[in-house]
Amino acid sequence: MKSTAVVFDDPGHMSLQALELPQLQAGQVEVAVQFSGISTGTERMLWDGSIQTLQGMYPLVPGYESVGQVVKAAAGSKLKEGQTVFVPGANCFTGVRSLYGGAASRLVVSDQAILPVSNELGPDAVLLALAATAYHAVSGGGQQKPFTPPDLIIGHGVMGRLFRRMDTKYMQDFARTKLSELGL
């Protein structure tokens, strides 16, 4: 069984490769990917090699969350063929590492790690992870008590930019306080 995947071979070198997938085990499904989320920050840094902690991890398959259809379900799987699912990442390729591993045509994943979603969501279903992160950051995960948002958010991708814009006055006041504390 093969999957066509985006592979960062080395910084500055990327290819499409046919990678071997494992045979389905009990409780696993094969998903035909329809949509894959990306992180413009992470993929850019993978491309230029600026993520120092990932040196030595190439070749790797990038890609955060994916949405697709179950095309095969092993015995004992809770999911059925034809179901649309949200896949938060995969580590199923032979011969390369996965950095979330969603940028591929097919994935083999545990049915415990994925979530059935409505077909009506279409490509918007890849936003579930961002929506969950935003929800937890601004509400404390739905706590029913007062919640203080985080003091510092680092991110150059969609989520970091969203948080940075959410409460400009709060962030400006915070930045002034911290700069003052540092004597700047």
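See above for the structure.
### Examining the pattern of salt bridges
For the coordinates displayed, the defined rule picks out four salt bridges. Across the pair lysine 72 and glutamate 30 runs a salt bridge whose closest N-O atoms are separated by 3.8 Å. On the criterion of sequence distance, the pair formed by lysine 72 in strand E5 (residues 66-73) and glutamate 30 in strand E3 (residues 28-36) is long-range, its members being 42 residues apart. Salt-bridge contacts for arginine 106 lead to glutamate 30; the nearest nitrogen and oxygen are separated by 2.9 Å. One end of the pair, arginine 106, is in strand E8 (residues 106-110); the other, glutamate 30, is in strand E3, with 76 residues separating them in the sequence. A relative accessible area of 28% means that arginine 106 is categorised as partly exposed. For glutamate 30, a relative accessible area of 3% gives the class buried.

### Notes on the nonpolar core
Of all hydrophobic cores here, the largest spans 21 residues; its most connected members are Phe93, Leu107, Val109 and Ile114. Broken down by secondary-structure element, the contributors of at least two residues to this core are strand E1 (2-10), E3, strand E6 (84-87) and E8. Excluding anything up to four places from it in sequence, phenylalanine 93 contacts Ser3, Ala5, Leu19, Glu20, Leu21, Val61, Ser98, Gly101, Ala104, Arg106 and Leu107. Phe8, Ile51, Leu54 and Leu60 belong to the second largest nonpolar core, which has seven residues in total.

### Here's the deal with the pairing of E3
Here E3 pairs with E8 via five bridges, running antiparallel. By the bridge assignment for E8, valine 31 is matched with leucine 107. Here E3 runs beside E5; their pairing, made up of seven bridges, is antiparallel. Looking at the pairing, valine 29 lines up with alanine 73 of E5.

Parameters and conventions
Residues numbered from 1 in each chain as written. Predicted model: local features only at pLDDT ≥ 70, side-chain atom pairs only at ≥ 80, totals over all residues. Heavy atoms only, no water. Salt bridge = Lys/Arg side-chain N within 4 Å of Asp/Glu carboxyl O. Helix = DSSP H or I, 4+ residues; strand = E, 2+ residues; numbered from the N terminus. Buried < 20%, exposed > 50% of the residue type's maximum accessible area, 1.4 Å probe, protein only. Core = buried A, V, L, I, M, F, W, Y, C linked by side-chain atoms within 4.5 Å. Contact = heavy atoms within 4.5 Å. Pairing = 2+ DSSP bridges.

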